[in-house]
Amino acid sequence: MDVRFESLDLPLYSPGNYILIAGPCSAETEDQVLKTAKELHEGGVKIFRASLWKPRTRPGCFEGVGAMGLPWLNRVKEEYGMLTATEVANGLHVAESIEAGIDILWIGARTTSNPFLVEDIAHTIAKYDCQPVVLVKNPINPDIDLWAGSIERLSSAGVKRIGAIHRGFSTYADSLYRNPPHWQIPIELMRRYPTLPMLGDPSHITGKRALVPEVCRQSLDMHYAGLIVESHCNPDDAWSDAAQQMTPEELLKVTSKLKLSRLATCPMPPLDAWRTELDQLDENILGLLSKRMRIAEQIGYYKRDNNLSVLQTNRYQIMQQELKQKACNLGLDDKFIHKLFAQIHEESVRIQHKICDEE
Ligand SMILES: O=C(O)C(=O)C[C@]1(C(=O)O)C=C[C@@H](O)C=C1
């Protein structure tokens, strides 16, 4: 589908000249909102974010202050001249936010996954002459068409200023990141829509404040238009997502370095994206190997207690035979897979011998 994107026309953060949206995960109290906004404003941040409606995984968690926080965001606008941004999950949120003068609305990952909600949001926005900027987070699952589909729905309904937010994708596997980035997906979206502005969301990708700086850097190296980062005046006491929020001071230390590292390197976006993806896959392989060895250990104890021999040649041969077939089906070289699993089996046998020798 041919989608035309108008410029977001948002103020840029300097140094670095990129869009920087910062603020707490959730608006909690008027004081917390104003204190955080003041510190960010003093550091040159021009766009303030805070969620009012929070879709949470389980009931009983803090679900946001709702429309009560809209006047707090208005005070941020009036007192510090910042633009304001919040998350919307249905048409009612949209209407309340636009009527309260919010400048930027973002659609969260769970909402992007629901075409009915996206339609509701799109048609509600389109009713207003003075439209906000709308940013679409990637869906929770790594489904590029669902992401693209939401963007297309907004555009078809008449929403003009649209951008995307890359917040990573949820995973079942153990991972360094809360939501592994799968960089190839946003890269593919940017290939499909070359004029679509993409913002990185390092807070949700990493889930840990210590990792936020490197993902900020990677996002800008990918030529993203900017970043949306969580910052709280007292992150450890935050009512939601405490581990991934940083103080305005910590954040500004990172953002001021970004320009330097961006100029000092010569980014090669496709290569960088592939390497990042390989790093992630390697980490997944390590996680799986570790799980496999833990199971081999358990079998080792069982064999010791039941006086069974460690080496089970039959089992090993059947396993290799099946792997050969599976490798061929996946287009992998069967000799390589044979060698790889011979090594893995050898290590498993070593671990079990050690257990059996322990007594
Ligand atoms: O199946 C078992 O008995 C195992 O202990 C597992 C395992 C393996 O790593 O796959 C290890 C040793 C045996 O020779 C065969 C297979």
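These numbers were taken from a predicted model, which means no experiment stands behind them.

I'd love a proper account of unusual backbone geometry, names of residues and values included.
For residues other than glycine, phi is negative in most cases, and the peptide bonds are mostly trans. Look at the link from S14 to P15: it is a cis peptide, with omega at 5°. Tracing the backbone shows P15 in the segment before strand 1 (19-23). Although it is not a glycine, H223 adopts a positive phi angle of roughly 65°. Along the polypeptide, H223 turns up in the loop between helix 9 (212-221) and strand 8 (226-230).

Describe the pattern of salt bridges, with residues and values.
Where charged atoms from two side chains of opposite charge approach closely, those side chains can pair. Enumeration over the complete set of coordinates arrives at 18 salt bridges. Between E297 and R294 there is a salt bridge, and its shortest N-O distance comes to 3.3 Å. Taken as a pair, E297 and R294 lie in helix 11 (residues 269-305) at a separation of three residues, close to a single helical turn. Residue classification places E297 among the partly exposed residues on the basis of a relative accessible area of 26%. Note on R294: relative accessible area 40%, which makes it partly exposed.

Quick rundown of the nonpolar core? Include the residues and the values.
F48, I125, W147, I151, L154 and L189 are the most contacted members of the largest nonpolar core, which has 69 residues in total. The element best represented in this core is helix 6 (residues 144-157), accounting for six residues. Of all hydrophobic cores here, the second largest spans 13 residues; its members include I21, I47, W106 and L199.

I'd like a rundown of the sheet that holds strand 8, residues and numbers included.
Pairing is parallel in the closed barrel, where eight strands are placed in the order 1-2-3-4-5-6-7-8. Strand-to-strand twist of the sheet, defined as the mean angle between neighbouring strand axes without regard to direction, takes the value 30°. With two bridges connecting them, strand 1 and strand 2 (residues 47-49) associate as parallel partners. In the sheet register, I21 faces strand 2, and the bridge partner there is I47. Seen against the sheet, helix 3 (residues 91-99) touches strand 3 (83-88) and strand 4 (104-107) and runs at an angle of roughly 170° to strand 3. Sheet contacts for helix 6: strand 4, strand 5 (133-137), strand 6 (162-166) and strand 7 (198-200); angle to strand 6, the most-contacted strand, approximately 160°.

Let's hear about the side chain of S150: which residues, and what values?
Among the structural elements, S150 can be located in helix 6. Residue classification places S150 among the buried residues on the basis of a relative accessible area of 2%. Each residue touching S150, except ones within four places of it in the same chain, is listed here: T112, V118 and V136.

Each value, and the rule that gives it
Residues numbered from 1 in each chain as written. Predicted model: local features only at pLDDT ≥ 70, side-chain atom pairs only at ≥ 80, totals over all residues. Heavy atoms only, no water. Helix = DSSP H or I, 4+ residues; strand = E, 2+ residues; numbered from the N terminus. Salt bridge = Lys/Arg side-chain N within 4 Å of Asp/Glu carboxyl O. Buried < 20%, exposed > 50% of the residue type's maximum accessible area, 1.4 Å probe, protein only. Core = buried A, V, L, I, M, F, W, Y, C linked by side-chain atoms within 4.5 Å. Pairing = 2+ DSSP bridges. Axes fitted to C-alpha atoms, helices over the stretch in contact; angles between N-to-C directions. Contact = heavy atoms within 4.5 Å.

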